[in-house]
Amino acid sequence: MRILGIESSCDDTAVAIYDANNGIIGHAINSQKTHKNYGGVVPELASRDHIKNIVFLVDEAFNQAQIAKHNIDAIAYTAGPGLIGSLLTGACFAKGLAFGLEKPALAIHHLEAHILAAKLSSPNLEFPFLALLVSGGHTQLILAKSLGAYSLLGETLDDALGEAFDKTAKLMGIPYPGGAALAKLADQPIDEENFPPFPRPMLNKPGLNFSFSGLKTHAVTTWQNCAKDPISKIKIAKSFQDAIVETLVEKCRRALDKTGVHKLVVAGGVAANQELRQNLKQLMKDLGGECFFPQIEYCTDNGAMVAYAGFLHFINGSRDANLAILVKARWSLETC
Ligand code: KG4
Ligand code: ZN
């Protein structure tokens, strides 16, 4: 069985083909460059860029897989949450292709696909598990009970974590999207002491919600008040990242304690962060549990996670495949 996956919820146009016997057999992505000039994603430009690239990316994925288009069983596409114009581009393309090929087209929840990407890398991962979803648009702690059944335990009250990384990077002169570059800076070894102190937001309050906008402001104020030299930049990046990692580790510990599950999945773009991966792995080792991550290239937006989520729903019979084009800019994982 083979499923074509199409992702277009934000500024990545991504296509992949999942084969039940061989895993991902075709994978093509275009991360849009056009937004760099604006310091953030411009929705109208994103939609236009998806339209320009989607046909070529689909052809590239099929070329890699060395199969003809009719040799797939279904098409999975991201139906939300995301930018409405971007979602519509992928959904209309997927439905049109599905109609032409006489195959079903399945609507996939973007956040569920992020979480299930961990299972793509570790097929022995079984429900239930706790999921920490940290992306550019969302920061959530989720109890994943079974395929399609999720409870939201906590979420950010302001900026998403990737957004906080990107905004902090931008205010320190690192071009958009600077999250990964800021993390790289933080991981540089330096022979220094006296790192600027950063708060640990929301740790003194009970509950599982997060807040990151204060950390971003703290980083920027510290940056403005220092010599603005390369060493200060590294020190701020390290303190910022440490505060985030320590906060997430503690919230995960609380959520694991509350739910009684012993497996943790970390997904979304910020799950590529090495310091976060190491510390959460250590937490699960200390607790005698297990920690799962998608492989690095499937942490940020990609087509493989959509194809794989489509595969799981297809074999489970848990997705309608009619021809209606339904996309949702806002869509809770609890109702997916
Ligand atoms: O999941 P994703 O590709 O897009 C959304 O669905 O939002 O996540 C993108 C986010 C960006 O904010 C990016 O800066 C951040 O993930 N990111 C990182 C790292 N790699 C990507 N943040 C911190 N450390 C990283 N290594
Ligand atoms: Zn995403």
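Parameters at a glance
Residues numbered from 1 in each chain as written. Chains lettered and ligands numbered in written order. Predicted model: local features only at pLDDT ≥ 70, side-chain atom pairs only at ≥ 80, totals over all residues. Heavy atoms only, no water. Donors = N, O, S within 2.8 Å, 3.2 Å for Na, K, Ca; no water. Helix = DSSP H or I, 4+ residues; strand = E, 2+ residues; numbered from the N terminus. Buried < 20%, exposed > 50% of the residue type's maximum accessible area, 1.4 Å probe, protein only. Pairing = 2+ DSSP bridges. Axes fitted to C-alpha atoms, helices over the stretch in contact; angles between N-to-C directions. Salt bridge = Lys/Arg side-chain N within 4 Å of Asp/Glu carboxyl O.

Draft legend 1. Here's a closer look at the coordination of the zinc ion (ligand 2). Protein ligation of the zinc ion (ligand 2) involves H110 (NE2), H114 (NE2) and D301 (OD), the donor distances falling in the range 2.0 to 2.1 Å. Ordering the donors of the zinc ion (ligand 2) by residue number gives the pattern H-x3-H-x186-D. Here H114, found in helix 3 (residues 110–121), pairs with D301, found in the loop between strand 10 (290–292) and helix 9 (303–316); they are 187 residues apart in sequence, far enough to count as distant. There is no split in this pair, since H114 and D301 are both buried.

Draft legend 2. Highlighting the sheet that holds strand 7 (residues 139–146). Read across the open sheet, the 5 strands follow the order 8-7-6-9-10; overall the sheet is mixed. Of all the strands in the sheet, just strand 8 (149–155) and strand 10 have a single pairing partner and so form its edges. Taken pair by pair, the neighbouring strands of this sheet meet at an average axis angle of 25°, ignoring direction. Where strand 6 (residues 129–134) and strand 7 come together, 6 bridges link them in antiparallel fashion.

Draft legend 3. Local environment of the pattern of salt bridges. Evaluated as defined, the whole model comprises 11 salt bridges. Of the charged contacts in the structure, one is a salt bridge between E44 and R48, with a shortest N-O distance of 2.9 Å. Pair noted here: E44 and R48 are both in helix 1 (residues 43–65), with a separation of 4 residues, about one helical turn. Owing to a relative accessible area of 46%, E44 belongs among the partly exposed residues under this scheme. Residue E250 is joined to R254 by a salt bridge in which the shortest nitrogen-to-oxygen separation is 3.3 Å. Of this pair, E250 and R254 both sit in helix 7 (residues 230–259), separated by 4 residues, roughly a single helical turn. One network of salt bridges, in which partners are shared, links D159, E163, K167 and K216.

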